[in-house]
Amino acid sequence: MIVTIDMICLRLGDDGLETLLIKRNNPDRPEHGLWSIPGGFVFEQDLSNQGGQQADQDFDAARKRICRQKIHTYPNFISQPMVEGNPKRDPEGWSVTIAHYALLNQANVEQIENSGLCREQLRWFPLTTILDDQLALAFDHADLIKLAWKKLRAAIEYTSVALFALDKEFLVSDIIAAYAKFGVEVNRMTVKRRLIDTGVIISANKMASTNRGKGGKPAQVYSLGEKCVTYFQTCLR
């Protein structure tokens, strides 16, 4: 059985959410030339004596290796696994994927940009391009991205997951803009009542320009109160 780990990486783009895709460039592998979700095989056998990969100790080790090899960064947030499998996913036989949606912040994006890979190998695409079936992807990867978006969108209003797409430090205006790109409208009162007053985000004890160094009224800088996702008892709105 073929077992893979696939990382559905998302970032906040200028015009909305974007997803990272990798070009399948090996002519000896199926779906050559198509864009796909970054991922790789889970290695169950140690082939290091034959010049190959060592066996992965567990799924966590395999995920870290695949992120290092394929996207050159470890995402700021990784979801719980979504498991899909059937004999039709891959022409080479029964295939199971352990897929995760992942949120990347600017530090992650810069690590990818500094990896040396060109846009013909690794590229960000508008998420709507895949959701609207405007781009053909390898295997069932379009369906996996749609499933990931469905689960992420449901989580946005009941958890703090959207905040993990932001930089380590951020302004209230950044939060409002981020939620808008996830399709959720929040205002400053909501941010104060649901995020600041509850300790989900905390003051970084510094001020910053609302125009990021271009003048403007100083604003309080915040950071996450905890490194794990907070679950809300009721919808954020």
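What this report covers is the structure whose coordinates are included nearby. Values in this document were obtained by computation on a predicted structure and should not be read as measured data.

**Looking at the pattern of salt bridges**
Piece 1. With the rule as written, the count across this model stands at eleven salt bridges.
Piece 2. The shortest N-O distance in the salt bridge between Glu18 and Arg11 comes to 2.7 Å.
Piece 3. Notably, a salt bridge pairs Arg153 with Glu157, separated by 3.1 Å at the nearest N-O pair.
Piece 4. By relative accessible area, Arg153 is classed as partly exposed at 22%.
Piece 5. In this structure, a network of salt bridges that share partners links the residues Asp60, Arg63 and Lys64.

**Some thoughts on the environment of Arg63**
Piece 1. With respect to the element layout, Arg63 can be found in helix α1 (residues 59-71).
Piece 2. A residue is classified by how much of its surface remains accessible, and Arg63, at 14% relative accessible area, is buried.
Piece 3. C-alpha of Arg63 to C-alpha of Ala162: the two residues are 99 residues apart in sequence and 22 Å apart in space.
Piece 4. Setting aside anything within four residues of it in sequence, one finds Arg63 in contact with Ile5, Met7, Tyr74, Ile78 and His100.
Piece 5. A distance of 2.6 Å separates a polar atom in the side chain of Arg63 from a polar atom in the side chain of Asp60.

**So, the environment of Glu157**
Piece 1. Here Glu157 shows up in the loop between α4 (141-156) and α5 (172-181).
Piece 2. In this structure, the C-alpha to C-alpha distance between Glu157 and Tyr231, residues 74 residues apart in sequence, is 9.4 Å.
Piece 3. Once residues lying within four places of it in the same chain are set aside, the contact partners of Glu157 are Val184, Phe232, Thr234, Cys235, Leu236 and Arg237.
Piece 4. At a separation of 3.1 Å, a polar atom in the side chain of Glu157 contacts the side chain of Arg153.

**So, the packing of aromatic side chains**
Piece 1. What the rule picks out here adds up to three aromatic pairs.
Piece 2. With centroids separated by 6.2 Å and ring planes inclined at 40 degrees, the aromatic side chains of Phe77 and Tyr101 adopt a geometry described as tilted. In this pair, Phe77 sits in strand β5 (residues 77-78) while Tyr101 sits in strand β7 (residues 93-103), placing the two residues 24 residues apart along the sequence.
Piece 3. With a centroid separation of 5.6 Å and an interplanar angle of 50 degrees, the aromatic rings of Phe77 and Phe164 are classed as tilted.

**Digging into the packing of α5 against helix α6 (residues 188-196)**
Piece 1. Relative to each other, α5 and α6 sit at 100 degrees, their axes nearing to 10 Å. Considered as vectors, α5 and α6 are oriented roughly perpendicular to each other. Facing Val172, Ser173, Ile175 and Ile176 of α5, the residues of α6 in contact are Arg188, Val191, Leu195 and Ile196.
Piece 2. Partitioning the contact of α5 with α6 into residue classes produces six nonpolar, one polar and one charged.

**Quick look at the layout of surface pockets**
Piece 1. One number sums up the size of the largest pocket: a volume of about 530 Å³.
Piece 2. Surrounding the largest pocket, 25 residues form its lining, Arg24, Ser36, Gly39, Gly40 and Lys70 being those nearest its centre.
Piece 3. Among the secondary structure elements, those contributing two or more residues to the lining of the largest pocket are β1 (2-13), β2 (16-23), β4 (39-41), α1 and β6 (82-90).
Piece 4. Of the voids in this model, the second largest pocket is the one considered here, and its volume is about 420 Å³.
Piece 5. Lining the second largest pocket are 20 residues, with Leu12, Gln106, Ala165, Leu166 and Asp167 positioned closest to its centre.
Piece 6. When residues of the lining of the second largest pocket are traced back to their parent elements, those giving at least two are β1, α2 (106-113) and α5.
Piece 7. When residues of the lining of the second largest pocket are assigned to their parent elements, the largest contribution, four residues, is made by α5.
Piece 8. Of the residues that constitute the lining of the second largest pocket, the class distribution is eight nonpolar, three polar and nine charged.

**Some details on the environment of Asp56**
Piece 1. Along the polypeptide, Asp56 turns up in the loop between β4 and α1.
Piece 2. The buried category is assigned to Asp56, whose relative accessible area is 15%.
Piece 3. Put simply, Asp56 and Phe41 are 15 residues apart on the chain and 9.8 Å apart in space, counted from C-alpha to C-alpha.
Piece 4. Asp56 has contacts with Phe41, Val42, Phe43, Ala61, Ala62 and Arg65, leaving out every residue within four places of it along the chain.

**Details of the pairing of strand β8 (residues 122-126)**
Piece 1. Among the five residues in β8, four count as buried, and that is most of the element.
Piece 2. Direction of pairing for β2 relative to β8: antiparallel, over a ladder of five bridges. If you follow Thr19 over to β8, its bridge partner there is Phe125.

Reading the values: rules and limits
- Residues numbered from 1 in each chain as written.
- Predicted model: local features only at pLDDT ≥ 70, side-chain atom pairs only at ≥ 80, totals over all residues.
- Heavy atoms only, no water.
- Salt bridge = Lys/Arg side-chain N within 4 Å of Asp/Glu carboxyl O.
- Buried < 20%, exposed > 50% of the residue type's maximum accessible area, 1.4 Å probe, protein only.
- Helix = DSSP H or I, 4+ residues; strand = E, 2+ residues; numbered from the N terminus.
- Contact = heavy atoms within 4.5 Å.
- Polar contact = N/O pair within 3.5 Å; in protein donor to acceptor, adjacent residues only side chain to side chain.
- Phe/Tyr/Trp six-rings, centres within 6.5 Å; stacked < 30°, edge-to-face > 60°.
- Axes fitted to C-alpha atoms, helices over the stretch in contact; angles between N-to-C directions.
- Parallel < 35°, antiparallel > 145°, perpendicular 65-115°, else oblique.
- Nonpolar A, V, L, I, M, F, W, Y, C, P; charged D, E, K, R; others polar.
- 1 Å grid on protein atoms, 1.4 Å probe; cavity = no way out; pocket = protein on both sides within 12 Å on 5 of 7 lines; lining within 4 Å.
- Points joined across faces, edges and corners; volume = space filled by probe spheres on them.
- Pairing = 2+ DSSP bridges.

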